[in-house]
Every structure is written in C-alpha cells, then in structure tokens.
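# Chain and residue survey
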Amino acid sequence: MAAPSFLGWDFSTQQLKVIAIDEHLRVIYEDNVNFDKDLPEFKTQGGAHVHGDRLTVTSPVLMWVKALDMILEKMKSSGFNFSQVRALSGAGQQHGSVYWKKGSIQILKNASPKLPLHQALKACFAISDSPIWMDSSTASQCSALENAVGGAQRLANITGSRAYERFTGNQIAKIYNQNPEVYAQTELVPVGALQKRISLVSSFAASLFLGAYAPIDYSDGSGMNLLQIWDKSWSASCLDACAPELVEKLGNPVPSHSVLGSISPYYIQRYGFSPDCKIVAFTGDNPASLAGMRLEEGDIAISLGTSDTLFLWIREPTPALEGHILCNPVDSQTYMALLCFKNGSLMRERIRNECASGSWDEFSKALSSTVAGNNGNLGFYFDVMEITPEAVGVHRFNSDNQKVLNFPKEVEIRALIEGQFMAKRIHAEKLGYKVMPQTRILATGGASHNKKILQVLSDVFNAPVYTIDTANSACLGSAYRAIHGLVAETNVPLADVVKLAPEPRLAVTPTAGAEELYHPLLKRYAELEQKVIYNPTSSCLAK
C-alpha cells in the first residue's frame with residue numbers, strides 16, 4: 001500500500017510551486033510553473049504587470065488559476081498518486097488581494113470536473129488583475145488610515161505595522177475610492193459564516209481547493225493593517241477608515257493551523273484525491289518560510305541577500321515604526337517579526353570591490369586582520385534609501401564619535417559588517433526580541449557561505465550561527481503545516497512534527513568576551529544612528 005503524503009503549495013510572485021513529502025518528511029515530488037515562461041499569454045514580467053505610473057503593480061488572477069490547472073495536469077501525467085494525499089496547505093505572496101463577484105460561491109462549489117478550473121472561474125472576479133505586494137500607489141490611503149486611528153505608532157500598536165502602501169487595507173481603500181462600483185460587486189455574507197468576498201492571495205488559493213470561500217488566517221491577516229494582533233479580530237476603526245461593510249466582505253479570521261474542511265469534489269473526480277484529504281489554512285509566504293526554516297522560540301533567521309531580511313520569534317512584541325509584527329503561524333500564543341534592510345549584498349559587494357580588489361578572500365583576510373569592535377570605529381553604509389532606519393549615504397565615526405571622511409580599507413570592511421549586524425540586533429530588540437541562552441541564528445543567502453562574516457554576526461548577537469538550505473522554504477513550510485494542522489488541536493508543537501527534518505549545520509560560535517565588548521558599542525551605534533536618520537517627508541514607506 002502506498003505511503004501517505006502531504007502537499008505544500010506556494011503561490012509566489014513569479015511562479016507556482018508544489019512539494020510533496022512523505023511521513024518521514026522526505027521530498028517525494030516537486031514541480032513549478034513559471035508564469036512568464038509557461039503562461040506567456042498573460043504577458044507578465046516577473047509575474048506582474050507594472051502600470052504606466054510605475055507605482056501600480058498587479059497580477060492576473062486567472063493566471064494563478066491556470067497555473068494550478070497546469071501543475072496538477074503535470075502531476076497527473078507523471079503518475080503522482082493523489083489518493084494518498086492526507087492533507088495540503090499553502091502560501092501566497094503577502095498583501096495581494098482577490099475580489100470575488102457576487103454569486104461566485106456557487107460556481108466555485110459546483111465546478112464541473114470536465115473543465116479546467118480557469119475556464120469554470122473565468123467570470124468570477126470583480127477585478128481581473130489583483131494588486132500585489134510590489135504596488136506602491138496608495139500613499140494617500142496610508143496617510144488617511146494613520147490619521148484616522150491617531151498616527152503611525154498608534155496604527156502599529158493595533159495592527160503590528162504602521163501604514164504601508166503594499167498592505168491590503170490601503171489597497172482595498174484605493175479600490176473603494178476609485179472604483180466604488182467594483183467594490184459594490186463583492187458580495188456580503190453573514191459574519192460567522194465561513195465565507196467572504198475579498199481574499200488574500202493565500203486564502204484565495206485555499207478557496208480553490210476547498211470549493212468555498214476560505215477564511216483569512218491570523219498570520220497573513222496581520223499584513224493588512226486591519227487585524228488587531230493582540231485579540232486577533234478585525235479592528236473596527238481600521239476597517240471603517242478603509243471601506244464600508246468590510247467586515248462582511250472579509251469574514252472572521254481563523255488560527256493559522258485550522259483545518260478548513262475536506263477537499264472539493266472537483267479534485268476527487270478530476271484527479272483522484274481522497275474525499276478525506278484535509279485543507280489546512282493557507283498563510284503568507286513569509287510566515288510559511290518561518291515554518292519551513294523551523295524557527296523556535298528565541299531563534300532568529302537572517303537571509304543575507306540583495307536585501308537582508310530578519311525573521312524573529314517573539315513572545316512579547318513591541319511594535320515600532322520600522323518592521324512588522326505578525327501573528328506566529330505555528331504557535332498562536334506568540335508572534336513573529338519581520339525586518340527588512342535594503343542595503344544588503346550590493347552594499348557588501350561595493351565595499352569588497354573598492355577595498356578588497358573585488359575578492360571575497362581578500363575581504364575575509366581584512367576582517368581577520370582587524371580586532372572585534374574595530375577600535376571603536378563605527379560606520380553606516382546606505383547606498384540606497386534604507387528602510388530600517390530611514391537613512392541614506394555613508395557615515396563614518398571614530399572612537400570619539402567624530403565624523404570622519406575615510407577609514408583605512410580593512411577598517412572600512414569591518415565597520416561595514418559590524419555596522420550591518422549591530423543595526424539588525426538594535427532593531428530586532430526594539431521590536432521586543434531578546435537573545436536567549438538557547439538562541440540559534442539561522443543564516444541563509446549568499447553571505448552565509450562566508451565564515452568570517454558569520455563570525456562577526458555570531459559575536460554581535462552572542463549566539464551560535466547555523467546555516468540552512470532555504471530553497472523553497474515557503475513551499476516546504478506549507479507541507480510541514482499540512483501535517484501539523486492535523487494534530488495542532490491537540491497542542492502538539494510544530495517542532496515535534498518536524499523533528500525528522502535535516503538539522504541546520506553549526507557554522508560558528510561566539511568568541512569569548514564578545515557580549516562585554518559589543519554591549520557598549522551597540523549603545524553607541526544606536527545613539528549615532530539618530531544623527532544619520534533622514535528627515536522623512538512622507539508617512540508611508542514602501543518595501
């Protein structure tokens with residue numbers, strides 16, 4: 001008899017991905033559909049349409065549905081055994097929204113298994129192109145929302161983030177302001193019904209499998225500027241500031257581990273899924289990645305890429321004007337935080353080119369030749385306007401806190417790397433993160449292959465650094481969450497479910513005395529940061 005399997009889906013910006021794992025967490029199938037290459041009829045670039053104003057960015061809803069048809073047909077052709085799938089879950093690019101027309105529930109529920117789903121649903125969407133996370137056209141709606149609730153910090157205290165242009169509440173407000181007739185087409189349902197008419201990309205994708213409108217989960221719902229993250233219900237003041245009758249169009253949010261129901265008859269008849277296959281709530285791609293990286297309390301994941309991103313597991317968050325607090329997708333009593341730093345690998349590469357002849361080996365030697373703490377020399381390196389903090393330019397300070405024009409090359413290299421990691425610790429702690437005795441730093445991305453850089457990271461945080469492979473982490477996290485959803489009601493933690501997964505690899509441990517050395521430097525760095533912050537003219541930031 002074939003072994004049970006679990007599916008994880010990722011409706012990301014550029015492609016739809018699927019992973020199947022068995023009970024031992026081994027990947028037994030994976031595939032993807034690239035939107036630009038495999039679905040050229042939708043004429044996307046990078047999975048999106050950038051409009052003439054260069055601010056509005058959308059993606060065709062039916063492209064996502066057709067990609068699902070395509071990948072399921074590929075699986076069927078390969079002989080994949082759908083009947084053994086016990087549960088599935090998924091992820092969607094965060095913040096994007098889908099607008100169902102009145103009456104679509106019946107079409108979704110009664111789709112004929114003889115037709116591909118994209119044909120059955122072709123008239124179901126009030127807006128054919130969905131606003132996505134790359135959109136930055138809602139500055140006026142952001143200002144209005146912050147003003148309505150008493151300012152940016154007040155909004156962050158309620159929803160976990162100040163107003164961001166890509167966040168869903170502001171996108172809904174723009175549609176209501178500019179196209180009230182389109183907004184009116186989205187149907188109302190009684191509160192308490194497991195239905196709604198405006199979906200996130202994640203709950204839209206879950207709806208396709210459920211054959212009914214799937215609810216928004218707490219974690220992805222935290223990226224809308226609409227959810228009160230403390231009691232996990234919609235904020236009336238935020239809803240009212242965005243559009244009327246919004247609570248009826250969204251439905252009640254649910255815990256991220258919720259089993260929403262069994263798979264739609266469409267998939268049973270067309271592909272041979274078992275009627276017992278369960279749909280676990282879908283969530284956002286960042287929350288799903290937290291599950292895929294298997295973070296636990298006190299852990300921090302750092303993706304060192306073009307931009308550097310921090311994922312934090314926090315018990316008692318303190319929302320700030322930078323970063324985002326989201327409900328934790330695998331533990332409803334705790335939170336996760338996201339911090340994005342724009343000046344990542346490109347900044348490191350520029351300093352490498354200028355100070356180490358373009359060689360990472362020379363760069364590493366320079367780091368080794370200088371002492372931890374850099375004799376008190378500190379630097380801020382922002383080639384492009386930074387998000388965290390809002391600052392631009394290169395700013396160097398000597399040990400007396402005096403601004404200087406230049407550092408020797410090896411001092412410049414250490415100032416860059418120490419500065420980048422000190423900023424990450426300072427801003428993580430601002431959000432309520434605490435380094436704990438069991439803290440692990442999980443590093444991924446290009447710079448995670450450089451042990452000298454990782455040593456500085458370990459020393460600044462005074463915690464061991466591990467490296468992990470995060471290819472398809474949102475997809476894998478969705479498969480893990482599918483398993484977890486089946487047992488989550490019995491309070492089994494995700495960590496117990498995924499203990500058979502490969503362990504992260506220990507790369508470096510902190511140097512003795514690192515905490516004592518960096519403690520005063522972190523304080524100085526935080527104070528100097530206030531001197532370099534750009535004076536913002538807008539209350540809205542875009543990622």
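- Per an unreviewed UniProt entry, the protein carries the name Xylulose kinase and comes from Gallus gallus.
- Taken from UniProt, the Catalytic activity (unreviewed entry) comment for the protein reads in full: "D-xylulose + ATP = D-xylulose 5-phosphate + ADP + H(+)".

## So, the overall build of the protein
- Along the backbone of the protein there are 21 helices and 24 strands.
- Taking 24 Å as the expected radius of gyration for a compact globule of 543 residues, we find that the protein reaches 24 Å, a close match to that expectation.
- With the C-alpha coordinates aligned to their principal axes, the bounding extent of the protein is approximately 70 × 55 × 45 Å.
- Counting the 543 residues in the protein, one finds 60% classified as buried.

## Considering the sheet that holds strand β15 (residues 300–304)
- The strand order across the open sheet built from seven strands is β17-β18-β16-β15-β22-β23-β24, with neighbouring strands paired in mixed fashion. The outermost strands of the open sheet, each flanked by one partner alone, are β17 (324–327) and β24 (505–508). Strand after strand, the sheet turns through a mean of 25° between neighbouring axes, direction not considered.
- With four bridges joining them, β15 and strand β22 (residues 441–444) adopt parallel strand pairing. Across the sheet, the residue bridging to alanine 301 is leucine 442, located in β22.

## Remarks on the nonpolar core
- With 88 residues, the main nonpolar core has Leu226, Leu246, Leu250, Leu312 and Phe363 as its most contacted residues.
- When residues of this core are assigned to their parent elements, the largest contribution, ten residues, is made by helix α17 (residues 409–430).
- The residues contacting leucine 226, other than those within four sequence positions of it, are Thr159, Gly169, Ile172, Ser233, Trp234, Ser235, Cys238, Leu239, Cys242, Leu246 and Leu250.

## A short note on the pairing of strand β6 (residues 85–92)
- For β6, a buried count of seven out of eight residues is recorded, marking the element as mostly surrounded by other parts of the structure.
- Relative to strand β13 (residues 278–280), β6 runs parallel, the two sharing two bridges. Bridge pairing in β13 links leucine 88 to isoleucine 279.

## Section: the environment of proline 502
- Mapping proline 502 onto the fold places it in the loop between α20 (494–497) and β24.
- Counting along the chain gives 33 residues from proline 502 to aspartate 469, while the straight-line C-alpha distance between them is 9.7 Å.

## Notes on the pattern of salt bridges
- For the coordinates displayed, the defined rule picks out 21 salt bridges.
- Across the pair lysine 37 and aspartate 38 runs a salt bridge, and its minimum N-O distance is 3.3 Å.
- Look at aspartate 38 and you get partly exposed, because its relative accessible area is 25%.
- Ionic contacts of the salt-bridge type, sharing partners, join the residues Asp308, Arg348 and Lys424 into one network.

## Re the sheet that holds strand β19 (residues 378–382)
- Ordered in space as β19-β20-β21, the three strands form an open sheet in which the pairing is antiparallel. Only two strands of the sheet have a single partner each, and these edge strands are β19 and β21 (403–404).
- Sheet topology note: the β19/strand β20 (residues 393–397) ladder contains five bridges and is antiparallel. Looking at β20, one finds that glycine 379 is bridged to arginine 396.
- Strand contacts of α17: β19 and β20, with the helix running at about 75° to β19, the strand carrying the most contacts.
- Each of β19 and β20 touches helix α21 (residues 514–532); the most contacted strand, β19, lies at about 45° to it.

## Thoughts on the environment of lysine 499
- Its location among the elements puts lysine 499 in the loop between α20 and β24.
- Counting along the chain gives 475 residues from lysine 499 to histidine 24, while the straight-line C-alpha distance between them is 9.4 Å.
- Among the polar contacts made by the side chain of lysine 499, one reaches the main-chain carbonyl oxygen of aspartate 496 at a distance of 3.2 Å.

## Side note on the side chain of arginine 425
- Note that arginine 425 resides in helix α17.
- Here arginine 425 is in contact with Val435, Val460, Phe461, Asn462, Glu515 and Leu522, once residues within four sequence places are set aside.

## Description of the packing of aromatic side chains
- In the structure shown here, the tally under the stated rule is 22 aromatic pairs.
- Between phenylalanine 82 and tyrosine 271 the ring centres are 5.7 Å apart and the planes differ by 50°, which places this aromatic pair in the tilted class. Of this pair, phenylalanine 82 sits in the loop between α2 (61–78) and β6 while tyrosine 271 sits in helix α13 (residues 265–271), placing them 189 residues apart in sequence. Grouping residues by exposure puts phenylalanine 82 and tyrosine 271 together as buried.
- When the ring of tryptophan 230 is compared with that of tyrosine 335, the centres are 5.5 Å apart and the planes differ by 55°; the resulting orientation is tilted. On the criterion of sequence distance, the pair formed by tryptophan 230 in the loop between β10 (227–228) and β11 (233–234) and tyrosine 335 in strand β18 (residues 335–341) is long-range, its members being 105 residues apart.
- A relative accessible area of 43% means that tryptophan 230 is categorised as partly exposed.
- Three or more aromatic residues link up through ring pairs in this structure, and these residues are Trp9, Tyr29, Phe80, Phe82, Phe209, Tyr266, Tyr267, Tyr271, Phe273 and Phe282.
- The positively charged end of lysine 249 is found above the aromatic ring belonging to tyrosine 183, 4.6 Å away from the centroid.

## A short note on helix α18 (residues 451–461)
- The buried fraction of α18 is high, at eight of eleven residues.
- Of all the positions in α18, only Ile453, Leu454, Val456, Leu457, Ser458, Asp459, Val460 and Phe461 are classed as buried.

## Re the packing of helix α14 (residues 285–292) against helix α19 (residues 473–487)
- It is the contact of α14 with α19, at a shortest axis distance of 7 Å, that shows an interaxial angle of 70°. When the axis of α14 is compared with that of α19, the two are roughly perpendicular. Only Ser473, Ala474, Gly477, Ser478, Tyr480 and Arg481 of α19 make contact with α14, whose side of the interface consists of Asp285, Ala288, Ser289, Ala291 and Gly292.
- When its residues are assigned to classes, the contact of α14 with α19 shows four nonpolar, five polar and two charged.

## Observations concerning helix α5 (residues 139–149)
- Of all the residues in α5, the buried ones are Gln141, Cys142, Leu145, Glu146 and Val149. Relative to the axis of α5, the buried residues are bounded by an arc of 130° and lie together on one face. Exposed side chains of α5 directed beyond 90 degrees from the buried face belong to Ser140 and Asn147.
- Here the buried face of α5 lies against α6 (152–159), α7 (168–178) and α11 (236–242).
- Phi turns positive one or two residues past the end of α5, at glycine 150, with a value near 105°.

Rules of the game
Residues numbered from 1 in each chain as written. Predicted model: local features only at pLDDT ≥ 70, side-chain atom pairs only at ≥ 80, totals over all residues. Heavy atoms only, no water. UniProt positions renumbered as here; feature names shortened; annotations may be inferred. Helix = DSSP H or I, 4+ residues; strand = E, 2+ residues; numbered from the N terminus. Rg over C-alpha atoms; globule rule 2.2 N^0.38 Å. Buried < 20%, exposed > 50% of the residue type's maximum accessible area, 1.4 Å probe, protein only. Pairing = 2+ DSSP bridges. Axes fitted to C-alpha atoms, helices over the stretch in contact; angles between N-to-C directions. Core = buried A, V, L, I, M, F, W, Y, C linked by side-chain atoms within 4.5 Å. Contact = heavy atoms within 4.5 Å. Salt bridge = Lys/Arg side-chain N within 4 Å of Asp/Glu carboxyl O. Polar contact = N/O pair within 3.5 Å; in protein donor to acceptor, adjacent residues only side chain to side chain. Phe/Tyr/Trp six-rings, centres within 6.5 Å; stacked < 30°, edge-to-face > 60°. Lys NZ or Arg CZ within 6 Å of the ring centre and 35° of its normal. Parallel < 35°, antiparallel > 145°, perpendicular 65-115°, else oblique. Nonpolar A, V, L, I, M, F, W, Y, C, P; charged D, E, K, R; others polar. Arc of directions from axis to C-beta.

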